[in-house]
Amino acid sequence: MARLAERVAELGTLRAVAHAAGISPTMADWWRIFEVDLVGTALLAETLRPLATAGTAMVYFASMSPLLARIDPDPAVAAILDDPLDPDFLDKIHDALGPAIENTAMAYPWAKHGVHRFARKEAVRLGPMGARACSLSPGIIDTPQGRQEAATHASMQRLIDATPLGRTGRSEDVAGVVAFMLSDDAGFLNGIDILVDGGVVAAVRGD
């Protein structure tokens with residue numbers, strides 16, 4: 001991370017960051033999912049924060065899964081999620097949520113909910129210097145990762161069938177939204193999650 005920050009500083013002003021790294025339920029155990037999806041997001045943000053300046057914009061990839069799962073933590077759990085760089089974070093989240101969090105299908109939406117929360121907190125931290133932070137929540141996107149999940153979970157096909165636009169998303173569907181979020185045209189967009197899901201959350205939740 002330090003080498004990354006040094007390289008960015010050498011190249012000039014930090015303009016835009018799209019953090020798309022993440023692993024899904026079939027790719028690792030619960031611990032690794034939290035490490036990559038939430039702790040990794042926080043580590044990158046902490047590293048680049050000193051380089052942020054007026055016009056800097058950051059987008060962290062989250063997921064529609066916390067919205068489908070209707071995750072709404074109590075204040076004690078929320079406080080743990082909001083400190084992902086605590087050295088004891090993973091032990092604390094396990095203690096707070098119990099052994100059920102070892103199910104990767106549960107760990108993934110909780111980790112991504114943490115990303116939603118982190119983006120809001122980071123927006124508050126960056127705002128005074130004229131920089132922005134948001135999260136983006138893809139729906140079912142036709143990528144190798146998405147196809148791997150679909151091959152394992154029959155529920156994925158049900159979500160595709162329920163998508164009002166009648167198809168899976170494409171990488172360019174997501175990339176176009178990210179490009180806008182990072183652009184000067186979105187200069188007042190800050191601290192919010194953008195859902196790019198073809199309408200499936202609206203169809204499934206119905207509220």
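Whatever comes next refers back to the structure up there.
Small disclaimer: the values here were computed from a predicted structure and weren't measured.

## Structural notes on the overall build of the chain
- Helix and strand content of the chain: 10 helices and four strands.
- Counting helices and strands in the order they occur from the N terminus, the chain gives α-β-α-β-α-α-α-α-β-α-α-α-β-α.
- Here the C-alpha radius of gyration of the chain, 17 Å, is about what a compact globule of 207 residues would show, namely 17 Å.

## Examining the nonpolar core
- Ranked by internal contacts, the top residues of the largest apolar core, which has 38 residues, are Phe34, Met58, Tyr60, Leu81, Phe89, Ile93 and Trp110.
- Mapped by element, the contributors of at least two residues to this core are α2 (30–48), β2 (57–61), α4 (75–81), α5 (89–97) and α6 (104–126).
- Examining the composition of this core, we find that 10 residues originate from one element, α2, more than from any other.
- In this structure, Val59, Phe61, Cys134 and Val174 belong to the second largest nonpolar core, which totals 11 residues.

## Quick notes on the sheet that holds strand β4 (residues 193–196)
- Pairing is parallel across the open sheet formed by four strands, whose spatial order is β1-β2-β3-β4. In the strand order of this sheet, the two ends are held by β1 (16–19) and β4, each with one partner. Between one strand and the next, the sheet's axes are offset by a mean angle of 20°, whatever the strand orientation.
- Where α6 meets the sheet, its contacts fall on β2, β3 (132–138) and β4, and the angle it forms with β3 comes to roughly 160°.
- Sheet strands touched by helix α9 (residues 171–182): β1, β2, β3 and β4. Its angle to β3, the strand with the most contacts, is close to 165°.

## Topic: unusual backbone geometry
- Even without being glycine, arginine 70 reaches a positive phi, approximately 55°.
- Note on placement: arginine 70 falls in the loop between α3 (65–68) and α4.
- Looking at arginine 70, the relative accessible area reads 45%, which means it is partly exposed.

## Thoughts on the pattern of salt bridges
- Applying the stated criterion across every chain yields a total of 12 salt bridges.
- Among the salt bridges present, the one from aspartate 37 reaches lysine 112, with a minimum N-O distance of 4.0 Å. Of this pair, aspartate 37 sits in helix α2 while lysine 112 sits in helix α6, placing them 75 residues apart in sequence. Take aspartate 37 and lysine 112: they sit in the same class, and that class is buried.
- Arginine 49 serves as the salt-bridge partner of glutamate 122, at 2.8 Å between the closest nitrogen and oxygen. Of this pair, glutamate 122 sits in helix α6 while arginine 49 sits in the loop between α2 and β2, and the two are 73 residues apart along the sequence.
- Taking the relative accessible area as the measure of exposure, arginine 49 reaches 23% and is therefore partly exposed.
- Each of the salt bridges in this network shares a partner with another, and the network as a whole consists of Arg167, Arg170, Glu172 and Asp173.

## Brief notes about the side chain of histidine 94
- Tracing the sequence through the fold places histidine 94 in helix α5.
- At 2.7 Å, the side chain of histidine 94 and the side chain of glutamate 102 are in polar contact.
- Aside from chain neighbours lying at most four places away, what touches histidine 94 is Trp30, Pro99, Ile101 and Glu102.

What counts and how
Residues numbered from 1 in each chain as written. Predicted model: local features only at pLDDT ≥ 70, side-chain atom pairs only at ≥ 80, totals over all residues. Heavy atoms only, no water. Helix = DSSP H or I, 4+ residues; strand = E, 2+ residues; numbered from the N terminus. Rg over C-alpha atoms; globule rule 2.2 N^0.38 Å. Core = buried A, V, L, I, M, F, W, Y, C linked by side-chain atoms within 4.5 Å. Buried < 20%, exposed > 50% of the residue type's maximum accessible area, 1.4 Å probe, protein only. Pairing = 2+ DSSP bridges. Axes fitted to C-alpha atoms, helices over the stretch in contact; angles between N-to-C directions. Contact = heavy atoms within 4.5 Å. Salt bridge = Lys/Arg side-chain N within 4 Å of Asp/Glu carboxyl O. Polar contact = N/O pair within 3.5 Å; in protein donor to acceptor, adjacent residues only side chain to side chain.

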